[in-house]
Every structure is written in C-alpha cells, then in structure tokens.
Amino acid sequence: MEEWRIRKYAEKDKEIWDEFIKKESINGVFLQSRKFLNYHKPGRFQDCSIMVYLNEKLVAVCPACEIFEDGEKVFFSHKGSTYGGLVLCREVYKTQKLLELMENVEEYVKEQGYDRIVFKPTMNLLSAPSMDLMEYCFYYRDYTEYKEINTYINYRNYDTEVLNNLSKMKQRIIKKCIKNEMSFYELQEESEIEAFHEILSKNLMKFEKKPVHTVEELLELKTERFPEEIHFFGVRYEEKLVAGTMVFEFAEKKCAHTQYLAADPDYNKLSPMSFVYYKVAEYYMKKGYDTLSWGISTEDMGRYINMGLTNNKEEFGSEHGLIKIYEKSIKR
C-alpha cells in the first residue's frame, strides 16, 4: 500500500529542495528554489512551505507563506515569487496520483489550522508537459479558478524581421527612436542597475507605489544568486539611461520573462519604452528562444484589465496566454 507523508520545510532541506526543483520537477523553475525565495529578508514572509513524500521518495514541494486575509488564515503559494503552486515530479503527474496528492495536501493544510488555500502555479510556457491535467484536478476538487491575461511573443509565429510584426504606429515610433540614435545595451555595472531602479521608482511614484524589490535586493539577485538567469537591459539617449527592463531567463525552457519594464517619465514623448520592447524582442529571437513573456496586464485576480498596457503589448505582435490562480475554502 502506498504511503503519503507531508512535512514542513526546514532550512536544513535547502539543498534537497533546490536539487528537486532543478533536476526532478516538470514544472519547477528557479523562482521556486530556496536560493530565490530565501533572498527575502527574514520576517518578510511567514514561511509554511511543504515537502510531499510518496513511499519515502520526495515527489512534490510547495513553496508557501502564511497570510491573514478577511479574517481567515490562508496557506498561500507564494507571495514572494511570481509563481508558486505544487511543483511535481513526473512520477505523480498522473490522474489518480495527482488527485491523491491534492487530497493529502488539503488534509495537511486543514490540520495546520488554515481556513483557505491559494495556489498560483507556474504558467504553461514554463512547464513540460503542460499543466492541463493539474488544471482539471483543481476543477475536479472544487477549486475556484481565476484567470489573468499574460501577453507573450511566440517566435514560432513571428516574422524573422522583428519590425514586420509590429503595428504600423509602432514601426513609425521605432524608426524615430533609431533616427534619434537611441542605443540598447545590457546593464552590467552596479551603478547602471541603480540608475534603472531610480527610473522604476520614479515611474511608480505617480501611482503612489514603490518597487517590490529594493535596489540592494536586485543587486543581490543579479550578482550573488542568479548571474546567469537574471539580466538587465537599458536604452540610452544622449548618454543617459532613459528606459530599461529586468528579465528572467529560463534557458532550459527557451523562454524569457520581463519582470520589470520602466521608462523615465521625463522622456515619454521620445517613446524609449517602445524601443526597449522592440530590442528585447529582437535580442531573444537572435538568442534562439521560443517565447518572450511580457507578464500580465490584469489586476485583482483578473477582474480588472489595464487596457492601455494590453493594447501596447499587442502592438508588438504578441499572443495571449492565461495565468491561473486556484482558491478553495478548507474550513472544518
């Protein structure tokens, strides 16, 4: 008889966890590694991550943090990462085993006193095979599903001359940027990344918001933790950085994802942000990637669409995918 066992993650499990993410999982990426999650300062999140064993073999992990929302104690996977959810090995990605796994996870979470469970799994662009079976199992087990719109470039359907994929208006803008002698380059020095963070902060001030990451965190992620996976690019105009982006590279999936995109508001009339989109699309086409994700254009669990942002991304010849979030009440 098969035996399931679930236990809470402990710091001593760091290497085992990261090895599982990197070598065993079918839907895990570095964003769910402890190397990534642990860069957050102690106390920022109350970690309640779990490790799932089948017959003493580690078959799944779930990065998670404990939050309180609307008077409920919530098991949330994960506030500190773009993606969380159940990260699985191929062995348990079968209908019966996956349903059993979910049942055991829910029972464990309930026993720990949680009222609600929320999963935000890895998008299909970063999963092989697709997570269709997992999506069905969430439906089968009565989860409420929320959808966010993700916009991305599918290079399989993209003209090799990048400019040809853009709307006529964007083509005119890019030609004007070239005429204005804007230049695109990778940000390598700490001072350059600091300048990008200043632009990001300035850009968010109009919304009375601050960047999720401090400049110190960005530098740590880039220089100490993920020098090969995290990259910064910028656009220079008259020797001044006027726009840029932070990109996560998932080389094994041939997918890149723009985590931040920002332009100095003082230079908006010159459209440097459009030049960033264009040059990044060109860069990853030349690098042989299959997809380039621009991120979501929706907020509040998909209830609100930022139409201006969506329209802008679509004008670069983008396609659409879904980022799905699953929620379930597990009160006794």
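I will try to describe carefully the structure that is included in this document.

Observations concerning the layout of surface pockets
Taken as a whole, the second largest pocket holds about 490 Å³ of empty space. Residue lining of the second largest pocket: 21 residues in total, with Ile21, Lys22, Phe30, Phe226 and Glu229 positioned closest to the centre. For the lining of the second largest pocket, the secondary structure elements donating two or more residues are α1 (14-24) and β12 (240-250). Take the lining of the second largest pocket: its biggest share by element is seven residues, from α1. For the lining of the second largest pocket, a count of residues per class yields six nonpolar, three polar and twelve charged.

Concerning the packing of aromatic side chains
What characterises a pair of aromatic rings is the spacing of the ring centres plus the angle enclosed by the ring planes. Summed over the entire model, instances satisfying the criterion amount to 27 aromatic pairs. Measuring from centroid to centroid gives 5.5 Å for Phe119 and Phe138, while their planes differ by 40°, and the two rings are tilted. With Phe119 in strand β8 (residues 116-119) and Phe138 in helix α4 (residues 132-140), this residue pair connects regions lying 19 residues apart in the sequence. On the basis of relative accessibility, which here comes to 1%, the residue Phe119 falls in the buried class. A relative accessible area of 0% places Phe138 in the buried class. Centroid distance Phe138 to Tyr143: 4.9 Å. Interplanar angle 70°. Geometry classified as edge-to-face. Per residue, the accessibility class of Phe138 equals that of Tyr143, and both read buried. Ring pairs connect the aromatic residues Phe30, Phe36, Tyr39, Phe226, Phe248 and Phe250, which therefore count as one cluster. Over the face of the ring belonging to Trp17 we find Arg34, whose NZ or CZ atom lies 4.9 Å from the ring centre.

Things to note about the pattern of salt bridges
Applying the stated criterion across every chain, the model contains 22 salt bridges. Linking Glu72 and Arg116 is a salt bridge whose minimum nitrogen-to-oxygen distance equals 2.7 Å. Residue Glu72 is found in strand β6 (residues 72-77), and its partner Arg116 is found in strand β8; the two are separated by 44 residues along the sequence. By relative accessible area, Arg116 is classed as buried at 8%. A salt bridge links Asp290 to Arg156; its shortest N-O distance comes to 3.4 Å. Within this pair, whereas Asp290 is found in the loop between α8 (272-286) and β14 (291-296), its partner Arg156 is found in the loop between β9 (144-154) and α5 (168-179), the two being separated by 134 residues in sequence.

So, a negative patch on the surface
On the surface, a cluster of negative charge is made up of Glu189, Glu190, Glu194, Glu198 and Glu216. Take the negative patch: its biggest share by element is three residues, from helix α6 (residues 190-205). Structurally, Glu189 can be placed in the loop between β10 (183-186) and α6.

Reading the values: rules and limits
Within every chain, residues take consecutive numbers counted from 1 along the sequence as written. It should be noted that, the model being predicted, local features are given only for residues of pLDDT at least 70 and side-chain atom pairs only at 80 or more, the latter also being counted only at that level, while totals for whole chains, interfaces and linings use all residues. The basis for every side-chain value is the complete set of heavy atoms in the structure, and neither hydrogens nor water enter the calculation. With a 1 Å grid spanning the protein atoms alone, the term cavity applies to any set of points in which a 1.4 Å probe fits but cannot get out, the term pocket to an open set with protein on both sides within 12 Å along at least five of seven lines, and the term lining residue to any residue with an atom within 4 Å of a point. Grid points are joined across faces, edges and corners, and a volume is the space filled by probe spheres set on the points. Helix numbering and strand numbering both begin at the N terminus, where a helix is a DSSP run of H or I of at least 4 residues and a strand a DSSP run of E of at least 2. For this classification, Asp, Glu, Lys and Arg are treated as charged, while Ala, Val, Leu, Ile, Met, Phe, Trp, Tyr, Cys and Pro are nonpolar and the rest, including Gly, are polar. Classification of ring pairs uses Phe, Tyr and Trp, with its six-membered ring standing for Trp, and accepts pairs whose centres are within 6.5 Å; under 30 degrees between planes counts as stacked, over 60 as edge-to-face, and the remaining range as tilted. The classification of residues rests on relative accessible area computed with a 1.4 Å probe and restricted to protein chains. Under 20% of the type maximum is buried, over 50% is exposed, and intermediate values are partly exposed. Charge over a ring is defined by NZ of Lys or CZ of Arg lying within 6 Å of the ring centre and within 35 degrees of the ring normal. The working definition used for a salt bridge is a side-chain nitrogen of Lys or Arg within 4 Å of a carboxyl oxygen of Asp or Glu. Residues enter patches when their relative accessible area tops 30% and they take part in no salt bridge; the joining distance is 9 Å for like charges and 5 Å for the nonpolar side chains Val, Leu, Ile, Met, Phe, Trp and Tyr. Only the protein chains shown count as cover for residues, and all accessible areas are computed by the Shrake-Rupley method using a 1.4 Å probe. Only four residue types enter the tally: Lys and Arg on the positive side, Asp and Glu on the negative side; His and the chain ends are excluded. A single reference atom marks each charge: NZ on Lys, CZ on Arg, CG on Asp, CD on Glu.

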